[in-house]
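# Architecture at a glance
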Amino acid sequence: VITPATAADVVAAGVAQIVQQLQAQGLLGTANTNTELAVMATTDLVVDARRFQFRTISHHGTLRDVAAWNPDLCGTLSVWRDPADQKTYCVDGHHRHALAVRLQVPTLAVRFLTAASAADARVAGALINIGHNNATAIDAAKLIRDAGLTPAQIAEHGLPRNGRILRDGLLLAALAPELFTATATGELAEDLAL
């Protein structure tokens, strides 16, 4: 008797086998840092949100009610291979990865970030989130302050400085330390700080 759960396992195993065959034939990128775009087993990605997540407000609840996987909506997750432990970490796409785990999606499309360190990978992930409007002005300001980014450096990353998040983030980043802390903790209203 084939149950829905058994059928899902059979499909997942079949997909994984096809991916392995395509990779062996060189027709599909493998999960290594020599290939910028690749397909990885969902379970091979390591999540360390404390190390790589930069946002103060999580959007975690936005995918909790999703019951079906749609690869067109998932897009590509940004990952980084740590040379110290050779593990591949999720940098941008923590919530999509959690959804894939929950729905038992066998593989994910990934893009390897070129970064010298975990801190550089975190900055890259933060810039991706800001570029996709998945951040707040406070998040952008923290990144600008922590990474010491100038407006010119932001422009070099292909982000428009006149977008609301970055425009406000640049202004907030210029606050005196005690005012910035008060704004970041909510003691001072963001509109007043701006």
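Predicted, not measured: the structure shown is a model, and the values here were computed from it.

In this model, the protein carries an average pLDDT of 83, and 79% of its residues clear a pLDDT of 70 or more. Mean pLDDT across the secondary structure elements of the protein bottoms out at helix α1 (residues 4-24), with 56, and peaks at strand β3 (residues 77-81), with 96. Note that pLDDT drops below 50 for residues 29-34; the model gives that stretch 18 contacts with residues more than four away or on any other chain.

So, on to the state of the cysteines. Under the criterion given, the structure shown has zero disulfides. You can see Cys 74 has no disulfide; the closest cysteine sulfur is in Cys 90, sitting 9.5 Å from it. A relative accessible area of 0% places Cys 90 in the buried class.

This brings us to the pattern of salt bridges. Where charged atoms from two side chains of opposite charge approach closely, those side chains can pair. Using the criterion set out here, one finds five salt bridges in the structure. Where Glu 36 meets Arg 111, a salt bridge forms, and the shortest distance between an N and an O atom there is 3.2 Å. On the criterion of sequence distance, the pair formed by Glu 36 in the loop between α1 and β1 (37-41) and Arg 111 in strand β5 (residues 107-112) is long-range, its members being 75 residues apart. With a closest N to O distance of 3.4 Å, Asp 92 and Arg 96 form a salt bridge. Residues joined in a network through salt bridges with shared partners are Arg 164, Arg 167 and Asp 168.

Here we come to the sheet that holds β5. The strand order β1-β5-β3-β4-β2 describes an open sheet built from five strands, whose pairing is mixed. For this open sheet the edge positions go to β1 and β2 (45-46), each flanked by a neighbour on one side alone. Where β3 and β5 come together, three bridges link them in parallel fashion. In the sheet register, Val 79 faces β5, and the bridge partner there is Phe 112. Together, β2, β3, β4 (88-92) and β5 form the strand contacts of helix α4 (residues 94-102), whose direction differs from that of β4 by roughly 120 degrees. Along the sheet, helix α5 (residues 118-131) makes contact with β3 and β4, crossing β4 at roughly 35 degrees.

All of the buried residues in α4 are His 94, His 95, His 97, Leu 99 and Ala 100. Buried residues belonging to α4 abut β2, α2 (49-52), β3, β4 and β5. Within two residues after α4, Gln 104 carries a phi angle of roughly 60 degrees, on the positive side.

Before going further, it helps to spend a moment on the nonpolar core. If you look at the biggest cluster of nonpolar residues, it comprises 24 residues, and the most contacted ones within it are Leu 127, Ile 130, Leu 143, Ile 154, Leu 159, Leu 166 and Leu 172. Mapped onto this core, the elements with two or more residues apiece are α5, α6 (137-147), α8 (164-173) and α9 (177-184). If you tally residues by element for this core, the top one is α6, at six residues. Setting aside residues up to four positions removed in sequence, Leu 159 forms contacts with Leu 127, Ile 130, Gly 131, Ile 154 and Leu 166.

Moving on to the environment of Thr 43. Along the polypeptide, Thr 43 turns up in the loop between β1 and β2. A relative accessible area of 71% means that Thr 43 is categorised as exposed. Counting along the chain gives 54 residues from Thr 43 to His 97, while the straight-line C-alpha distance between them is 9.3 Å.

This brings us to α5. Here α5 is 14 residues long and its end C-alpha atoms lie 20 Å apart, about the 20 Å a rise of 1.5 Å per residue gives. Residues of α5 that are buried include every one of Ala 118, Ala 121, Val 123, Gly 125, Ala 126, Leu 127, Ile 128, Asn 129 and Ile 130, and no others.

As a further point, take the pairing of β5. Pairing between β1 and β5: five bridges, direction antiparallel. Bridge pairing in β5 links Ala 41 to Thr 107.

Closest axis-to-axis distance for the α6/α9 pair is 11 Å, and the angle between their directions is 145 degrees. Between α6 and α9 the crossing geometry is left-handed. Only Pro 177, Phe 180, Thr 183 and Ala 184 of α9 make contact with α6, whose side of the interface consists of Ile 138, Ala 141, Lys 142 and Arg 145. The residue makeup of the contact of α6 with α9, split by class, is five nonpolar, one polar and two charged.

Parameters and conventions
Residues numbered from 1 in each chain as written. Predicted model: local features only at pLDDT ≥ 70, side-chain atom pairs only at ≥ 80, totals over all residues. Heavy atoms only, no water. pLDDT = per-residue confidence, 0-100. Helix = DSSP H or I, 4+ residues; strand = E, 2+ residues; numbered from the N terminus. Contact = heavy atoms within 4.5 Å. Disulfide = S-S within 2.5 Å. Buried < 20%, exposed > 50% of the residue type's maximum accessible area, 1.4 Å probe, protein only. Salt bridge = Lys/Arg side-chain N within 4 Å of Asp/Glu carboxyl O. Pairing = 2+ DSSP bridges. Axes fitted to C-alpha atoms, helices over the stretch in contact; angles between N-to-C directions. Core = buried A, V, L, I, M, F, W, Y, C linked by side-chain atoms within 4.5 Å. Expected span 1.5 Å × (residues − 1). Left-handed = near helix turned anticlockwise from the far one by under 90°. Nonpolar A, V, L, I, M, F, W, Y, C, P; charged D, E, K, R; others polar.

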